[in-house]
Amino acid sequence: KRVNKKKVVKEFPVGTPLFAVGMKEDDLKKRRTSEEILKQQAEHEILSDMLFGKSGALYNELYDKGLIGDRFSLEYNLSQSYGYLLIFGESSRPESVYKRIRETVKNAAELITPEDFERSRKAVYSRAVQDWNSTTEIAENFMDFAFSGTDMLSYPDTVAAVTFEDMKKRIAASYNPSRLVLSVVKRPKEEK
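None of the values given here were measured: they were computed from a predicted structure.

What counts, and where the lines are drawn
- Residues numbered from 1 in each chain as written.
- Predicted model: local features only at pLDDT ≥ 70, side-chain atom pairs only at ≥ 80, totals over all residues.
- Heavy atoms only, no water.
- 1 Å grid on protein atoms, 1.4 Å probe; cavity = no way out; pocket = protein on both sides within 12 Å on 5 of 7 lines; lining within 4 Å.
- Points joined across faces, edges and corners; volume = space filled by probe spheres on them.
- Helix = DSSP H or I, 4+ residues; strand = E, 2+ residues; numbered from the N terminus.
- Nonpolar A, V, L, I, M, F, W, Y, C, P; charged D, E, K, R; others polar.
- Contact = heavy atoms within 4.5 Å.
- Salt bridge = Lys/Arg side-chain N within 4 Å of Asp/Glu carboxyl O.
- Buried < 20%, exposed > 50% of the residue type's maximum accessible area, 1.4 Å probe, protein only.
- Axes fitted to C-alpha atoms, helices over the stretch in contact; angles between N-to-C directions.
- Parallel < 35°, antiparallel > 145°, perpendicular 65-115°, else oblique.
- Left-handed = near helix turned anticlockwise from the far one by under 90°.

Peer 1: What is the right way to read the layout of surface pockets from this model?
Peer 2: By rolling a water-sized probe across the atoms, one finds the places where empty space is left. In this structure, the largest pocket occupies an estimated 890 Å³ of space. Around the largest pocket, the lining comprises 34 residues; the ones closest to its centre are Gln-41, Glu-45, Tyr-76, Asn-141 and Asp-144. Sorting the residues of the lining of the largest pocket by element identifies helix 1 (34-52), strand 3 (72-78), helix 5 (114-130), helix 6 (135-148) and helix 7 (155-161) as the ones contributing at least two each. Here the lining of the largest pocket is built from residues that sort into 16 nonpolar, nine polar and nine charged.

Have a look at this one:
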């Protein structure tokens, strides 16, 4: 469960530094059922949307301050043996972005509201249903769900069944600032 390196910086010819903030999953129980994995995946997707999504307070704060641009995304992946949240984008000040993400993870339980939960749950549910409109999304999801040992046909119903109380429990079980890591790709010094 420990993080190997808290910060990794690499140089590459990029215009604006790229960053990725990763958080290792803390709640990995042995021999989980596929339903438990699916529920945990749904909980994380809803939480990620609430705390870090483009309609959330943190994204808008970072965007308004010019710390991030439109290239800002997140994903959560979970299987029997690993899980991680990944937030990535461009920023001329990636350490400042990381600091705010870290604060958000630390204070997540106080930052979520039932209203934000309902909005995010509906958004995640909508995306899960809309994915059925694209053969590319169906193929990618089929592979992702198959590798995690879950059933993609059950995912929309699983998302719909998640409760606000589940969010509080998921934060307590998974959101740990000590599991965060920052990775930055920046321009070599002689190119500046």
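Peer 1: Looking at this structure, I do not really get the environment of Lys-39. What am I missing?
Peer 2: Within the secondary structure layout, Lys-39 lies in helix 1. Considering only alpha carbons, one finds Lys-39 and Tyr-155, 116 residues apart in sequence, at a separation of 8.2 Å. Once residues lying within four places of it in the same chain are set aside, the contact partners of Lys-39 are Thr-158 and Asp-166.

Peer 1: When you look at the pattern of salt bridges in this model, what are you seeing that I'm missing?
Peer 2: As a working rule, side chains carrying opposite charge can pair if their charged atoms are close by. Across all of its chains, the model carries 14 salt bridges by this definition. For the salt bridge of Glu-61 with Lys-65, the shortest nitrogen-to-oxygen distance reads 3.3 Å. Arg-100 is the salt-bridge partner of Glu-103, the closest N and O atoms lying 2.6 Å from each other. Separated by three residues within a single helix, Glu-103 and Arg-100 lie in helix 3 (residues 94-106), roughly one turn from each other. Since its relative accessible area comes to 30%, Glu-103 is described here as partly exposed.

Peer 1: Help me understand the packing of helix 2 (residues 57-64) against helix 3, please; the structure alone is not making it clear to me.
Peer 2: Each packed pair of helices is defined by two parameters, the angle between the axes and the distance between the axes. Following both chains from N to C, one finds helix 2 and helix 3 inclined at 160 degrees, their axes separated by 11 Å at the closest point. On the basis of the axis angle, helix 2 is roughly antiparallel to helix 3. Where helix 2 crosses over helix 3, the handedness of that crossing is right-handed. Residue-level inspection shows Leu-58, Glu-61 and Leu-62 of helix 2 in contact with helix 3, the latter providing Val-97, Arg-100, Ile-101 and Thr-104. Of the residues in the contact of helix 2 with helix 3, the class split is four nonpolar, one polar and two charged.

Interpretation note: all reported values are geometric properties and have no functional meaning in isolation.
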